[in-house]
Amino acid sequence: MDKQPTRSTLLPYGKQWLEEDDIESVVSVLRSEFITQGPQIDKFERKVADYVGAKYAVAFCNGTAALHGACFAAGIGVGDEVITTPITFLASSNCVLYLGGTPVFADIDKNTYNINPDEIESKLTERTKAIIAVDFTGQPAEMDRIEMIARDRGLTVIHDAAHSLGASYGGREVGTFGDMTMFSFHPVKHITTGEGGMIVTDNEDYYRRLLLFRNHGMTRDTQFMEANDGPWYYEMHELGFNYRMTDMQAALGVTQMDRLDQFVARRRMIASQYNKAFVDLKGLTVPAQHLSANSSWHLYVLRFDLEQFTADRKELFEALRTENIGVNVHYIPVYHQPYYRKQGYADVNCPQAEEYYASTISLPLFPKMTEVDVNDVILAVRKVYHSYKR
């Protein structure tokens, strides 16, 4: 293989895109009366809720806090089981543990890599309280089937859409499925607030509980208070947390939302270019898309049939990094983590998740990539492919 790398500088797998109006929006907050707990929070929440078609939105300091809040609102507690996928970031199941519940891992679909509804049904018990469905890579899970399973059994559906703002399923926007939907605004996501997360819902009771939870379990709303000593008075009704988003973050989110459609369109274009470049290379599998899903492409995962290569996945990964392509792997099955093994998950095995994890590499995909960047990724993958192909 040619020792001259494809690029002279590292191309990360994900990156934010900030313009002057984003910077100006944050600066304007710094010059205002409120840098937290001010008007930008409501403005950002309304903008996201209106975009996805939800009645209510509650912003949090990050997506993990938002998931924690959703589990609290759903009443998850000790003895409750919550079914989710092992191919996700740790937060999707940690949020259940925070409240004393038990995550139950259901295997993934071999084509879409999302949680398999048939596997969800096989994991149901009398202790099942909720399902956390994750839209892995930006492709929505089979939410119609998941909603049906939940409805038949009176389960709560928390839709972890950290990867899928701007996506749709069956013609419905992500954000309108299940009981609550979580979005993440980390810098590698579709829009960013630095750190940040949000729950959208149509359920007023969940909305009220989420508001309490992010603010110490405290309210100043007189209609919910047991007493009222005066204008200064507040009451703590639940054991909540300080999970508030700042106005600086929210202001950034407001201007970022103005370009969400542009960002998603660019992600889809890059994914299409990758598909075209790799689909005919024997030994590589490009991401399959469910007929009802329209992904917003947070990640592009390429699978390698390792029997057709002279290198293992680690060698292929390192070869691409040597080309200055900032590949990554998403994700290690959650139940492999030492903490989970110590908590009784050592014998858990999801065959499709295991096969997926052993063979996948995530390629760079973010809207600020130039055509040169995209072409560099394609050239590097082809270079590594031909160097190690049997």
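Residues numbered from 1 in each chain as written. Predicted model: local features only at pLDDT ≥ 70, side-chain atom pairs only at ≥ 80, totals over all residues. Heavy atoms only, no water.

Where an unreviewed UniProt entry is consulted, the protein appears under the name UDP-4-amino-4, 6-dideoxy-N-acetyl-beta-L-altrosamine transaminase, with the organism given as Paenibacillus albus. Its UniProt record gives the protein the following Sequence similarities (unreviewed entry) comment, quoted word for word: "Belongs to the DegT/DnrJ/EryC1 family." (UniProt positions renumbered as here; feature names shortened; annotations may be inferred.)

## So, the packing of aromatic side chains
Taken as a whole, this structure holds 23 aromatic pairs when the rule is applied. For the ring pair Phe304 and Phe309, a centre distance of 5.6 Å and an interplane angle of 65° mean the geometry is edge-to-face. Phe309 shares its class with Phe304; the two are buried. Ring-pair connections join several aromatic residues into one group, and the members of that group are Phe60, Phe72, Phe213, Phe241 and Tyr243. We note Arg313 situated over the ring of Tyr357; from NZ or CZ to the ring centre the distance is 4.8 Å. (Phe/Tyr/Trp six-rings, centres within 6.5 Å; stacked < 30°, edge-to-face > 60°. Buried < 20%, exposed > 50% of the residue type's maximum accessible area, 1.4 Å probe, protein only. Lys NZ or Arg CZ within 6 Å of the ring centre and 35° of its normal.)

## Looking at the sheet that holds strand β15 (residues 360-363)
Pairing in this open sheet of three strands is antiparallel, and the strands run β12-β14-β15 from one edge to the other. The two strands at the open ends of the sheet, each matched to only one other strand, are β12 (284-285) and β15. With two bridges joining them, β12 and strand β14 (residues 300-304) adopt antiparallel strand pairing. Along β14, the bridge assignment pairs Thr285 with Arg303. Against the sheet, helix α9 (residues 260-278) makes contact with β12, β14 and β15, and its axis sits at roughly 15° relative to β14, the strand it touches most. (Pairing = 2+ DSSP bridges. Helix = DSSP H or I, 4+ residues; strand = E, 2+ residues; numbered from the N terminus. Contact = heavy atoms within 4.5 Å. Axes fitted to C-alpha atoms, helices over the stretch in contact; angles between N-to-C directions.)

## Side note on the sheet that holds strand β7 (residues 172-173)
On the basis of which strands lie adjacent, the open sheet formed by three strands has the order β7-β6-β13 and antiparallel pairing. A single partner strand is all that each edge strand has here, and the edge strands are β7 and β13 (293-294). Relative to β13, strand β6 (residues 168-169) runs antiparallel, the two being bridged by two bridges. Following the sheet pairing, Tyr169 is matched in β13 by Ala293.

## Overview of the UniProt feature "modified residue: N6-(pyridoxal phosphate)lysine" (unreviewed entry) in the protein
Here, the residues flagged by UniProt with the feature "modified residue: N6-(pyridoxal phosphate)lysine" (unreviewed entry) are Lys189. Tracing the sequence through the fold places Lys189 in the loop between β8 (180-184) and β9 (197-201). In this structure, Lys189 is in contact with Ala162, His163, Ser184, Arg267 and His298, ignoring residues within four places of it in sequence. Among the polar contacts made by the side chain of Lys189, one reaches the side chain of Ser184 at a distance of 3.2 Å. (Polar contact = N/O pair within 3.5 Å; in protein donor to acceptor, adjacent residues only side chain to side chain.)

## Points about helix α3 (residues 63-73)
The element α3 is largely enclosed, with a buried count of ten among its eleven residues. Among the residues making up α3, those that are buried are Gly63, Ala65, Ala66, Leu67, His68, Gly69, Ala70, Cys71, Phe72 and Ala73. The opening residue of α3, the one whose side-chain oxygen lies 3.1 Å from the backbone nitrogen of Thr64, is Asn62. Looking one or two residues past α3, Gly75 carries a phi angle of roughly 80°, positive in sign.

## Quick look at the domain arrangement of the protein
Here the domain parsing of the protein yields domain 1 (20-255) and domain 2 (260-388). The C-alpha-based centres of domain 1 and domain 2 are spaced at 26 Å. Each partner contributes to the interface: domain 1 provides 37 residues, whereas domain 2 provides 35 residues. If you look at where domain 1 meets domain 2, you find zero salt bridges. If you look at where domain 1 meets domain 2, you find 22 residue pairs in polar contact (both at pLDDT 80 or more). (Domains from an automatic or database assignment. Salt bridge = Lys/Arg side-chain N within 4 Å of Asp/Glu carboxyl O.)

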